[in-house]
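Spelled out from the first residue to the last, the chains are:
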Amino acid sequence: PVSTDPPADASTWFADGFEVEGAWPVGDDGLTSAAYDGGWYRLQAHPTDLPAYRWAANEGTVGSILTVEAHVSFETAGSMAVGLVVADALDQNRLIVLLEPGGEWALARDDFESFATLAVGQADPVEVGTVHLLRLSLDGAGSTSAWLDGRELATAAADLEVARFGVALWSVDEGG
């Protein structure tokens, strides 16, 4: 949700909302297709060997404290993952949390020419069509944590100066 309060010092501030035209890109970018539909931002992944990202329009300053959350739902139970991503100003360092329909999850760092898994695990399988709350938090003290439906999945020693955030999508098959 977008707060009306000004950003606190040492925090990152984004003005975001699916209802705001231009806040989230639509159309096909070659890796993903996106559209607004019934209050949802619907994404479809084209097959890739690494996650693809859709970035929110944002305002504000670079910071190291951030919590990003989204309600996610899968339309199919195929080989795919959806998640949240934050990146630095040069878009060379990213932290992501990915969730698969079977409940598998991963917290990872996607740096320029490097992809490292920080933590992996298994949550309860998510049912197709159910809505789940996914959260990615950076505490500003060198830790990043991932949460699913109010339960902490993992915390890892990882941080970066966040300049933007978005949605991560990964599918090995067409139509994820």
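Criteria and thresholds
- Residues numbered from 1 in each chain as written.
- Predicted model: local features only at pLDDT ≥ 70, side-chain atom pairs only at ≥ 80, totals over all residues.
- Heavy atoms only, no water.
- Pairing = 2+ DSSP bridges.
- Helix = DSSP H or I, 4+ residues; strand = E, 2+ residues; numbered from the N terminus.
- Axes fitted to C-alpha atoms, helices over the stretch in contact; angles between N-to-C directions.
- Phe/Tyr/Trp six-rings, centres within 6.5 Å; stacked < 30°, edge-to-face > 60°.
- Lys NZ or Arg CZ within 6 Å of the ring centre and 35° of its normal.
- Salt bridge = Lys/Arg side-chain N within 4 Å of Asp/Glu carboxyl O.
- Buried < 20%, exposed > 50% of the residue type's maximum accessible area, 1.4 Å probe, protein only.

1. Section: the sheet that holds strand E4 (residues 52-55)
Piece 1. Across the sheet, six strands lie side by side as E4-E13-E6-E7-E8-E9; this open sheet has antiparallel pairing. The strands lining the two open edges of the sheet, one partner per strand, are E4 and strand E9 (114-122). Each adjacent strand pair in this sheet contributes to an overall mean axis angle of 25 degrees, direction not counted.
Piece 2. Alignment of strand E7 (residues 93-99) against strand E8 (residues 104-111), held across seven bridges, turns out to be antiparallel. Bridging from a neighbouring strand, leucine 99 pairs with tryptophan 105 of E8.

2. Overview of the sheet that holds strand E2 (residues 32-37)
Piece 1. Across the sheet, which stays open at both edges, the three strands sit in the order E1-E2-E3 with antiparallel pairing between neighbours. Each end of this open sheet is capped by a strand with a single partner; those strands are strand E1 (27-28) and strand E3 (40-45).
Piece 2. In the sheet, E1 pairs with E2 via two bridges, with the strands oriented antiparallel. The partner of glycine 27 across the bridge, within E2, is alanine 34.

3. Structural notes on the packing of aromatic side chains
Piece 1. Counting across every chain of the model gives three aromatic pairs.
Piece 2. Taking 5.6 Å as the distance between ring centres and 45 degrees as the angle between the ring planes, the aromatic pair formed by tyrosine 36 and tyrosine 41 counts as tilted.
Piece 3. Above the ring of tryptophan 147, the side-chain terminus of arginine 135 is found at 5.3 Å from the ring centroid.

4. With respect to the pattern of salt bridges
Piece 1. In this structure the tally under the stated criterion is eight salt bridges.
Piece 2. Residue aspartate 29 is joined to arginine 54 by a salt bridge in which the shortest nitrogen-to-oxygen separation is 3.4 Å. Here aspartate 29, found in the loop between E1 and E2, pairs with arginine 54, found in strand E4; they are 25 residues apart in sequence, far enough to count as distant.
Piece 3. Given the relative accessible area of 43%, aspartate 29 is considered partly exposed.
Piece 4. For arginine 54, a relative accessible area of 4% puts it in the buried group.
Piece 5. As a salt-bridge pair, arginine 164 and aspartate 91 come within 2.9 Å of each other at their nearest N and O atoms. Taken as a pair, arginine 164 in strand E13 (residues 164-171) and aspartate 91 in the loop between strand E6 (80-87) and E7 lie far apart in primary sequence, 73 residues in all.
Piece 6. Residue arginine 164 is classed as partly exposed on the basis of its relative accessible area of 24%.

So yeah, pure geometry; function would need other evidence.
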